[in-house]
Amino acid sequence: MFDTQKQEVLNAALKLDRYGLIALSGGNVSCRMDSGEVLVTPSGMIYDDMVPEDILVVDLDGNIIEGERKASVDTEALLYIYKNMPQVNAVIHTHQPYATGLGLVMDELPCNLSTMANATEGPVAVAEYGDPGSLSMGVEAVKAIGDRLAVVLKHHGVIAVGRDLRQALFSCVYLEEAAKTVSVALSTGMPMATMTQEQIDEAVAVFHRYGQKPIDQDA
Ligand SMILES: [Zn+2]
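Read on for an overview of the structure. (Residues numbered from 1 in each chain as written. Predicted model: local features only at pLDDT ≥ 70, side-chain atom pairs only at ≥ 80, totals over all residues.)

**Topic: the overall build of the protein**
For step 1, the next point in the chain: For the protein, the count of helices and strands is seven helices and nine strands.
For step 2, the next point in the chain: Here the C-alpha radius of gyration of the protein, 17 Å, is about what a compact globule of 219 residues would show, namely 17 Å.
For step 3, the next point in the chain: Summarising its shape, the C-alpha atoms of the protein cover approximately 55 × 40 × 30 Å along the three principal directions.
For step 4, the next point in the chain: Residue burial in the protein is summarised as follows: out of 219 residues, 44% are buried. (Helix = DSSP H or I, 4+ residues; strand = E, 2+ residues; numbered from the N terminus. Rg over C-alpha atoms; globule rule 2.2 N^0.38 Å. Buried ≥ 20, exposed ≤ 12 C-beta atoms within 10 Å, placed from the backbone.)

As C-alpha cells, this is what we get:
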C-alpha cells in the first residue's frame, strides 16, 4: 500500500539528514494521501537504517492501517495539524538548530531574505511551548503558524508544512539557511537590514512560478 509514497517520505527524511536539520532519529516526516490516510515515519529509528516498509499508514484517528513499527511519538500532534489545516498534505518536523536557536531570543523570525520569502511565504512565528510527543505541540503549532509554511516550536524545533512533501521540504531547508544568515548578521551587533512587505510579496509570487512542471523531486 502506497509504496511509491513511502519511498518519497523516506527520501525527504534522508534529505533532512543531509542538510543538517535532524540528527539520528530526531524529527519526523509525514504526508496525507488523496484517500485521507497519513504516512508517518516510525518512532526512534535512525533514518539511514529505515526502509520504505518501516513507514506507517495511519488514519486521522491514529489507528494503524499498515505497518509493524510504532508510529512517531508526535503522531497525535501531526494528525491534529492535518485535521485543522485541510490545505496541508505534508508535515515535516525537525530540530534544526539555527531556526530553533533564533526562536529562543525572538517571538517571530523576520523575513529578511528572498529565499525565505520564497519558501516560508513570510516571517515565521514562534509557537508557545508544547510538550514533545503530546497533542499540545500540534495545538500550539496550528495556533501560531497562520498562513505561513513553517512555525518554530519554542525550546524544541520546527514544523514545516506544504501542499506536498516538496513544498514542506523547501520550507524547512530554506528557513534554516535564512536563519544561519540572520545569525551571522545578528552576531555583528549592527542593525539588520529588513525587506519591505512589497519585496516579500514579490519574492513569494516569484517562487510560485519557479521550478519544473512536473516537479523535480531532486531540485
Ligand atoms: Zn521533536
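**Some remarks on the pairing of strand E8 (residues 150–153)**
For step 1, the next point in the chain: Side chains Ala150 and Val152 of E8 all project onto a buried face; the interleaved residues Val151 and Leu153 project onto the opposite face, where all are buried too.
For step 2, the next point in the chain: Taken together, the two bridges between strand E7 (residues 124–127) and E8 define a ladder with parallel strand orientation. Pairing of valine 126 across the sheet is with valine 152, part of E8.
For step 3, the next point in the chain: Assessed by its sense of winding, the connection that carries the chain from E7 through helix H5 (residues 135–145) to E8 is right-handed.
For step 4, the next point in the chain: Inspection of the sheet shows E8 paired to strand E9 (residues 157–162) by four bridges, in the antiparallel sense. Counted as the bridge partner of alanine 150 is alanine 160 from E9.
For step 5, the next point in the chain: In this antiparallel pair of consecutive strands, E8 and E9, the connection spans three residues, and histidine 155 shows a positive phi of 60 degrees. (Pairing = 2+ DSSP bridges. Right-handed = clockwise from strand over helix to strand, strands pointing away.)

**What about the sheet that holds E9?**
For step 1, the next point in the chain: Strand order in the open sheet formed by nine strands is E4-E3-E2-E1-E5-E9-E8-E7-E6, with mixed pairing between adjacent strands. Looking at the sheet topology across the chains shown, the edges are occupied by strand E4 (64–66) and strand E6 (108–109).
For step 2, the next point in the chain: Packed onto the sheet, H5 meets E7, E8 and E9 and runs at close to 145 degrees relative to E7.
For step 3, the next point in the chain: Here helix H6 (residues 165–187) sits on the sheet in contact with strand E1 (28–32), strand E5 (90–94), E6, E7, E8 and E9, set at roughly 140 degrees to E9. (Contact = placed C-beta atoms within 7 Å. Axes fitted to C-alpha atoms, helices over the stretch in contact; angles between N-to-C directions.)

**Considerations on the nonpolar core**
For step 1, the next point in the chain: In terms of nonpolar packing, the biggest core is built from 65 residues, with Ile92, Ala141, Val151, Ala160, Cys172 and Leu175 touching the most fellow members.
For step 2, the next point in the chain: In terms of residues, this core owes the most to one element, H6, which gives eleven residues.
For step 3, the next point in the chain: In contact with leucine 175, not counting residues within four places along its chain, are Ala99, Met116, Ala119, Thr120, Val124, Ala150, Val158 and Ala160. (Core = buried A, V, L, I, M, F, W, Y, C linked by C-beta atoms within 7 Å.)

**So, the packing of helix H2 (residues 75–84) against H5**
Helix packing for two helices is described by the angle between their axes and how far apart those axes are.
For step 1, the next point in the chain: Put simply, H2 and H5 touch, their axes get as near as 6 Å, and they point 35 degrees apart. Considering how the two elements wind past one another, H2 and H5 form a crossing that is right-handed. Across the interface between the two elements, Glu76, Ala77, Leu78, Tyr80, Ile81 and Asn84 from H2 touch Leu135, Met137, Gly138, Val139, Ala141 and Val142 from H5.
For step 2, the next point in the chain: For the contact of H2 with H5, the residue count by class is nine nonpolar, two polar and one charged. (Left-handed = near helix turned anticlockwise from the far one by under 90°. Nonpolar A, V, L, I, M, F, W, Y, C, P; charged D, E, K, R; others polar.)

**Comments concerning the environment of alanine 77**
For step 1, the next point in the chain: Here alanine 77 shows up in helix H2.
For step 2, the next point in the chain: Spatially, the C-alpha atom of alanine 77 lies 6.2 Å from that of serine 134, the residues being 57 residues apart in sequence.
For step 3, the next point in the chain: If we skip the residues at most four places from it in the chain, alanine 77 touches Ser134, Leu135, Met137 and Gly138.

**A short note on unusual backbone geometry**
For step 1, the next point in the chain: Unusually for a residue other than glycine, leucine 24 sits at a positive phi of about 50 degrees.
For step 2, the next point in the chain: As for its position among the elements, leucine 24 is in the loop between helix H1 (3–18) and E1.
For step 3, the next point in the chain: Judged by C-beta crowding, with 12 C-beta atoms within 10 Å, leucine 24 ranks as exposed.
For step 4, the next point in the chain: Positive phi values are uncommon outside glycine, yet histidine 155 reaches one of about 60 degrees.
For step 5, the next point in the chain: Tracing the backbone through its elements, the reader meets histidine 155 in the loop between E8 and E9.
For step 6, the next point in the chain: Accessibility expressed as a C-beta count within 10 Å gives 13 for histidine 155, which makes it partly exposed.

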